[in-house]
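# Topology and contacts: notes
Here is how the chains run, residue by residue.
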Amino acid sequence: MKDFKGKIAFITGGASGAGLGQAKLFAKAGMRVAIADVRRDALHKAVGEIVDFAGCKVTDVLPLCFDLTDRKAYEAAADSAEAIFGGPPHLLIQTAGVNSFGPIEASTFDDFDWVMGVCLDHVVNGLIIFVPRMIKAYGGKDGVPKEEFHVATTSSMGAFMGGAGTGPYSAAKSAVNNLMYSYAMALPVYGGGATVLCPANINSNIGNAEKFRPEHLRNTGYHVSEGTMAHLSSIHAGGIDPVELAEYLKEGIENGRIIVMPFGPPEEWMKMLRGNNETIEDYILTAAERNKKMEERMAAMQRNGPPPGAWSVPEGAEPFGGARKDLDYIDPSRNPKW
Ligand code: NAI
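Since we're looking at a predicted model, the values are computed, not measured. (Residues numbered from 1 in each chain as written. Predicted model: local features only at pLDDT ≥ 70, side-chain atom pairs only at ≥ 80, totals over all residues. Heavy atoms only, no water.)

### Remarks on the pattern of salt bridges
Tallied over the entire structure, the rule returns 16 salt bridges. Where arginine 218 meets glutamate 215, a salt bridge forms, and the shortest distance between an N and an O atom there is 3.3 Å. Under the relative-accessibility criterion, arginine 218 is labelled partly exposed at 36%. Lysine 293 is the partner of aspartate 282 in a salt bridge, and the nearest nitrogen-oxygen pair spans 3.0 Å. Here aspartate 282, found in helix α8 (residues 266-282), pairs with lysine 293, found in helix α9 (residues 287-304); they are eleven residues apart in sequence, far enough to count as distant. When its relative accessible area of 34% is taken as the criterion, lysine 293 is described as partly exposed. (Salt bridge = Lys/Arg side-chain N within 4 Å of Asp/Glu carboxyl O. Buried < 20%, exposed > 50% of the residue type's maximum accessible area, 1.4 Å probe, protein only. Helix = DSSP H or I, 4+ residues; strand = E, 2+ residues; numbered from the N terminus.)

Here you go:
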């Protein structure tokens, strides 16, 4: 998709962080944008920010407040956006997400239901609701659309790896990537495309996501406090600017990339993917062979210093990623010291 002017975008998580950056950039490119988010105050603030940034009319931005995991609410919001803007989106970007970190073996159903509900189920919901409407309205034959259309999702570098402290998040994000690869194979015949954006660290509000965890999903197995949220937020403060991140996505959509990674030129993304693949290849080794390789890697790291993007716990910060303190089966070495 190359021509955005006068077209319609539907962006989830558009009230904050990466989604807000995307709404600003695509509004500036001349699109009318619907922004869907569960936080009403943040949505209203976002409308003003988008109008200021893009220099568009307030009627070009449509705030929709609902929980994206609620399929009926999502369908109703899609209907009203279509009625107001006069058609389904040409560009669907699903970016809403939450995170929660702790030992995988401490995870509860609520941890999985919340994180996978927002990070994976909402993406499925949007694709099921919108893709048939987009094909009907804009799809063509033999790869030539009536009008250009594209679906995109904000995933994560976490999609390429599991982690002992990131289980539900990594599971959701890797599923999202595979889902988007499937759409990327399916849509070109109609003239559409699909892209998945895989950032590492964004300057956003996701460090505070736990504050907005729904009441019925609050039984977490992880240690969460004001201190852990402040620590996470301090890390995200050093992340990529959301509009800069959106520029990477826009370039990827324009040029038909399936994966977009916001780390300089695409040759650098290749190197990162190859590094990840090498780690996955190690999973084939026996435990003894793998441990030996790990030791060699650790020794190299000590010689060469931490890899780019690595961070350490700042003085006085409360470490995140531990288990709830009353879970007595958790090996104490799995809990960071607080
Ligand atoms: P953010 O917290 O600033 O924005 C996420 C938005 O999603 C919030 O406005 C929130 O209200 C909304 N949201 C959450 N649950 C919702 C629900 N059930 N229904 C409707 N809206 C809901 O966070 P950020 O960082 O901008 O996150 C955007 C995406 O980027 C997420 O998918 C996240 O996983 C991904 N990501 C973030 C990274 C980071 O370092 N912040 C790194 C890699 C990926």
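### A look at the packing of helix α4 (residues 109-138) against helix α5 (residues 167-186)
Contact geometry for α4 and α5: axes closest at 8 Å, N-to-C directions at 15 degrees. It follows from the interaxial angle that α4 and α5 lie roughly parallel. As α4 packs across α5, the resulting crossing turns out to be right-handed. Mapping the contact onto sequence places Asp111, Phe112, Val115, Met116, Cys119, Leu120, Val123, Val124, Leu127 and Val131 in α4 and Pro168, Tyr169, Ala171, Ala172, Lys173, Ala175, Val176, Leu179, Met180 and Tyr183 in α5. (Axes fitted to C-alpha atoms, helices over the stretch in contact; angles between N-to-C directions. Parallel < 35°, antiparallel > 145°, perpendicular 65-115°, else oblique. Left-handed = near helix turned anticlockwise from the far one by under 90°. Contact = heavy atoms within 4.5 Å.)

### Things to note about the site of the ligand
Contacts to the ligand come from 28 residues, most closely from Ser16, Ala18, Asp37, Tyr169 and Ser204. Interatomic distance of 3.5 Å between a backbone N/O atom of alanine 96 and an oxygen atom of the ligand. A distance of 3.3 Å is found between an oxygen atom of the ligand and a side-chain nitrogen or oxygen belonging to asparagine 201. Elements with a contribution of two residues or more to the shell around the ligand: α1 (17-28) and α5. (Near = heavy atom within 4 Å. Polar contact = N/O pair within 3.5 Å; in protein donor to acceptor, adjacent residues only side chain to side chain.)

### Points about the nonpolar core
Counting residues in hydrophobic clusters, the biggest one holds 82 residues, and the most contacted among them are Phe10, Leu91 and Val151. For this core, the leading source of residues is α4, giving twelve residues. When neighbours within four sequence positions are excluded, valine 151 is seen to be in contact with Leu92, Leu127, Val131, Met134, Met180, Tyr183, Leu187, Gly193, Ala194 and Thr195. (Core = buried A, V, L, I, M, F, W, Y, C linked by side-chain atoms within 4.5 Å.)

### What to know about the sheet that holds strand β1 (residues 8-12)
Across the sheet, which stays open at both edges, the seven strands sit in the order β3-β2-β1-β4-β5-β6-β7 with parallel pairing between neighbours. Two strands close off the open sheet at either side, each with one partner strand: β3 (61-65) and β7 (259-260). Here four bridges tie strand β4 (residues 91-94) to strand β5 (residues 149-154), and the two strands are oriented parallel to one another. Note that in β5 the partner of glutamine 94 across the bridge is threonine 153. Helix α3 (residues 71-85) contacts β1, β2 (32-37), β3 and β4 of the sheet and is inclined by roughly 160 degrees relative to β3. α4 contacts β1, β4 and β5 of the sheet and is inclined by roughly 175 degrees relative to β4. (Pairing = 2+ DSSP bridges.)

### Focus: unusual backbone geometry
Phi is positive for aspartate 142, close to 50 degrees, though the residue is something other than glycine. Along the polypeptide, aspartate 142 turns up in the loop between α4 and β5.

### Here's the deal with the pairing of β2
When you tally the buried positions in β2, you get five out of six residues, the bulk of the element. Across five bridges, the pairing between β1 and β2 is parallel. When the bridges of β2 are listed, isoleucine 8 appears paired with arginine 32. Crossover β1 to β2 through α1 is right-handed. Following the backbone out of β2, through helix α2 (residues 40-54) and into the adjacent parallel β3, one traces a crossover that is right-handed. (Right-handed = clockwise from strand over helix to strand, strands pointing away.)

### Here's the deal with the side chain of histidine 231
Turning to its location among the elements, histidine 231 is positioned in helix α6 (residues 226-236). A relative accessible area of 4% means that histidine 231 is categorised as buried. With residues near it in sequence (within four places) discarded, histidine 231 still touches Val313, Pro314, Ala317, Glu318, Pro319 and Phe320.

Any link to function would need more than the numbers given here.
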